[in-house]
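An overview of the molecular structure
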Amino acid sequence: MSEILVLFYSRHGSTAELARQVCRGVESVAGMSARLRTVPAVTTTVETPAAAVPDSGPPYATHDDLRACSGLILGSPTRFGNMAAPLKYFLDGTSSLWLSGVLAGKPAGVFTSTQTMHGGQESTLLSMMLPLLHHGMYLVGLPFTETALSTTTTGGTPYGATHVAGTADKAAPRKLSADEQTLAQLLGKRVAELAAKLHA
Ligand SMILES: Cc1cc2nc3c(=O)[nH]c(=O)nc-3n(C[C@H](O)[C@H](O)[C@H](O)COP(=O)(O)O)c2cc1C
């Protein structure tokens, strides 16, 4: 069994919901399973050590998770058109893995959630791709052969899976649309299929 690491940060739950759909797509591929991990929040005033075990949700990612995976799918809420600091902070701590090339040649994909339709989904997806390219990973997007990419009136881009959470109550964000679910699952499936081919 090969594992795809689905590594995300989520404050209000929308990106976490996308991550669960991505995992479903990964696990639809024979011989592949998803390992779901998150990263601790960071503060701008002081670096406080996070508790070793999160209060809820999946465990925090470690470098061993990155070494063990045969593919990586990163997710973050959009923060001013960019990935969120906790995910960037985690990635900025991976230079030893970059030096040893443990992610080079593995497939990768990205996903995000925004409040607004035109609030920077593509730029956030591209921001997550940059460190993955430096690590030598093969980037996987979503093809227009999937009709949901053309019919969606919510999230979904060729660069990766997305969700438009809306401006309503942050504690109760809009649920993923059917197209958003389809495309998130497809991203997981495509990364897992490529990982399986590369390891065949
Ligand atoms: C500091 C900050 C910056 C944000 N910047 C954007 C933005 O540029 N565009 C946007 O549409 N939403 C923006 N948002 C809203 C979040 O991206 C959105 O609520 C997202 O769905 C949250 O995901 P989560 O539920 O996984 O935490 C921002 C939120 C915060 C706290």
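Quick summary incoming for the structure in this document. Just so we're clear, the structure is a prediction, and the values are computed from it rather than from any experiment. The residue numbering used here restarts from 1 in each chain and proceeds along that chain's sequence as written. Given that the model is predicted, a residue must reach a pLDDT of at least 70 before its local features are reported, and side-chain atom pairs must reach 80 or more before they are shown or counted; all residues, however, enter totals for whole chains, interfaces and linings. The basis for every side-chain value is the complete set of heavy atoms in the structure, and neither hydrogens nor water enter the calculation.

1. Focus: the overall build of the protein chain
Only DSSP runs of H or I with at least four residues qualify as helices, and only runs of E with at least two residues qualify as strands; both kinds are numbered from the N terminus onward. Helices and strands together make up the secondary structure of the protein chain, namely seven helices and six strands. What you see in the protein chain, going N to C, is helices and strands ordered as β-α-β-α-β-α-α-β-α-β-α-β-α. This radius of gyration counts C-alpha atoms alone. The globule rule is 2.2 Å times how many residues there are, raised to the power 0.38. Relative to a compact globule of 200 residues, whose C-alpha radius of gyration would be 16 Å, the protein chain shows 16 Å and is just as compact. The principal-axis extent of the C-alpha atoms belonging to the protein chain is close to 45 × 40 × 25 Å. Burial classes: relative accessible area under 20% of the type maximum marks a residue as buried, over 50% as exposed, and values in between as partly exposed (1.4 Å probe, protein chains only). Taken across its 200 residues, the protein chain has 47% of its residues classed as buried. Residue pairs in contact within the protein chain that sit at least 24 positions apart in sequence constitute 76% of those at least 6 positions apart. Total accessible area on the protein chain is roughly 9800 Å²; 55% of this is exposed by carbon and sulfur atoms. Think of it this way: Lys and Arg go in the positive column, Asp and Glu in the negative one, and His and the chain ends go nowhere. By convention, the point assigned to a charge is CZ for Arg, NZ for Lys, CD for Glu and CG for Asp. Computed over 15 positive and 14 negative side-chain charges, the separation of the two mean positions in the protein chain equals 1 Å. Residue contacts follow a heavy-atom distance rule, with two residues in contact if any of their heavy atoms lie within 4.5 Å. Each accessible area value is a Shrake-Rupley result obtained with a 1.4 Å probe; residue values ignore everything except the protein chains displayed when judging cover.

2. Some thoughts on the nonpolar core
With 27 residues, the main nonpolar core has Ile4, Val6, Val26, Met32, Ile73 and Phe111 as its most contacted residues. For this core, the elements supplying multiple residues, two or more each, are β1 (2-8), α1 (14-27), β2 (32-38), α6 (148-151) and α7 (178-198). By residue number, the principal contributor to this core is α7, which donates seven residues. Setting aside residues no more than four positions away along its own chain, valine 6 makes contact with Ala19, Val22, Cys23, Ala34, Arg35, Leu36, Arg37, Ile73 and Phe111. Judged by nonpolar contacts, the second largest core, of 23 residues, contains Leu5, Leu7, Cys69 and Phe90. Among the buried residues, those of types Ala, Val, Leu, Ile, Met, Phe, Trp, Tyr and Cys that are joined through side-chain atoms within 4.5 Å form a nonpolar core.

3. Considerations on the side chain of serine 113
Note that serine 113 resides in strand β4 (residues 107-114). Classification of serine 113 as buried rests on a relative accessible area of 7%. Apart from residues no more than four positions distant in its own chain, serine 113 is found in contact with Ser14, Thr15, Leu18, Ser76, Pro77, Thr78, His163 and Ala165.

4. Some thoughts on the site of the ligand
Neighbouring residues of the ligand: 17 residues in total, closest Ser10, Thr15, Thr78, Ser113 and Gly119. Pairs of N or O atoms within 3.5 Å make up the polar contacts considered here, provided that, within protein, one atom can donate a hydrogen while the other can accept it, and that residues adjacent in sequence are counted only when both atoms are side-chain atoms. Glycine 13 is positioned with one of its backbone polar atoms (N or O) 3.0 Å from an oxygen atom of the ligand. Threonine 116 is positioned with one of its side-chain polar atoms (N or O) 2.8 Å from an oxygen atom of the ligand. Protein burial of the ligand: of its 650 Å² of free accessible surface, 82% is covered by the chains. Elements with a contribution of two residues or more to the shell around the ligand: α1 and β4. Only heavy atoms are used to decide nearness, and a residue is near a molecule or strand if one of them lies within 4 Å of it.

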